[in-house]
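The chain contents come next:
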Amino acid sequence: MKTILITGSTSGIGLGIAIEFAKTKQYNIVFNGLEPNGQEIADGIAKQYGIEVMFSNANMLQPADLRKMVDDAVAKFGKIDVLVNNAGIQFVSPIEDFPEDKWNAIIGINLTSAFHLTKAVWKGMKERKFGRIINIASAHGLVASEFKSAYVASKHGIVGFTKTIALEGAPFGITANAICPGYVKTPLVEKQIADQAKAHSMSEADVVNKVMLYKQAVKEFVSLEELGQLAVFLASDVAKTMTGTALPVDGGWNAQ
Ligand code: NAD
């Protein structure tokens, strides 16, 4: 069995990715997130798919928590083969009003946590000459939208980080790739729909069609299965020269 650690996996995209890995029955899964029912969510997946799991509520803003999560996972499962840096938050505001604490939280959770966790799993991956780092960036890792300065900076940052560790990992069988989704209907986006509808006095349907999906040629939210199965492929033994990429799964947004 291999072991995968997925941050922010008790909600949204992280949970969707965990389910696709659980279906393969080839992975122990380390769940993480701040949802109060995280342990229950992890236990439910373990029962449904007959796999072993662990849950940690390590906070992405606390490097010592992150190192402890990795140590606990290695103590339980012996190793970590795949790390998915997925936990992330969003905040939307014009730059002149952008709160400093929100900037710091976004950079800390979306970008700096990936640095700490990659560092923590690196030595083991290097020794075993196998590792897969998958970073959940965003279409906003490749292009910008107004009012999302911290988010766009964090996501462009993680694309650069991915490329760097791909180069450093190449001699040791470690690959690193970024997945860049368009809009996925998760709690993070549901909150944005509600906030934007309020801010612009629009209906939620208009926010979805006129503000969000208008950027995508395919006028559909990206599915969790699509992202999860891409991650399963990137984690596989066969995907060994595919490294340093930033892969848009964004309905053609970046083709324009
Ligand atoms: P979500 O809100 O459903 O899930 C986020 C997860 O991160 C939750 O489990 C939450 O508990 C966890 N988290 C947040 N802050 C944390 C912290 N300080 N410590 C530990 N865990 C923390 O969001 P989502 O839409 O599933 O987003 C997941 C990732 O995908 C994010 O990095 C996001 O930027 C990215 N993304 C989302 C979309 C989208 O449309 N939903 C598009 C592109 C990229």
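A brief look at the structure comes next. (Residues numbered from 1 in each chain as written. Predicted model: local features only at pLDDT ≥ 70, side-chain atom pairs only at ≥ 80, totals over all residues. Heavy atoms only, no water.)

## Quick notes on the packing of aromatic side chains
By the definition in use, this model includes three aromatic pairs. Centroid distance Phe-21 to Tyr-27: 4.8 Å. Interplanar angle 85 degrees. Geometry classified as edge-to-face. A residue is classified by how much of its surface remains accessible, and Phe-21, at 0% relative accessible area, is buried. Overall, the relative accessible area of 5% leaves Tyr-27 in the buried class. (Phe/Tyr/Trp six-rings, centres within 6.5 Å; stacked < 30°, edge-to-face > 60°. Buried < 20%, exposed > 50% of the residue type's maximum accessible area, 1.4 Å probe, protein only.)

## Details of helix H2 (residues 38-49)
Between the first and last C-alpha of H2 there are 17 Å, a value that for twelve residues agrees with the 16 Å anticipated at 1.5 Å per step. Contacts from the buried residues of H2 go to helix H1 (12-24), strand E2 (27-32) and strand E3 (53-56). Of the residues flanking the end of H2, it is Gly-50, one or two places downstream, whose phi is positive at about 65 degrees. (Helix = DSSP H or I, 4+ residues; strand = E, 2+ residues; numbered from the N terminus. Expected span 1.5 Å × (residues − 1). Contact = heavy atoms within 4.5 Å.)

## A few points about the sheet that holds strand E6 (residues 174-181)
Taken in spatial order, the seven strands of this open sheet run E3-E2-E1-E4-E5-E6-E7, and their pairing is parallel. In this open sheet, the two strands that pair with only one neighbour each are E3 and strand E7 (246-249). Between one strand axis and the next, the sheet turns by 20 degrees as a mean value, whatever way the strands run. Bridging between strand E4 (residues 82-85) and strand E5 (residues 131-136) involves four bridges; their strand directions are parallel. Looking across to E5, one finds that Val-82 is bridged to Arg-132. Across the sheet, helix H4 (residues 100-128) touches E4, E5 and E6, and the angle it forms with E4 is around 175 degrees. Taken strand by strand, helix H5 (residues 149-169) contacts E5, E6 and E7, and its axis lies near 160 degrees from that of E6. (Pairing = 2+ DSSP bridges. Axes fitted to C-alpha atoms, helices over the stretch in contact; angles between N-to-C directions.)

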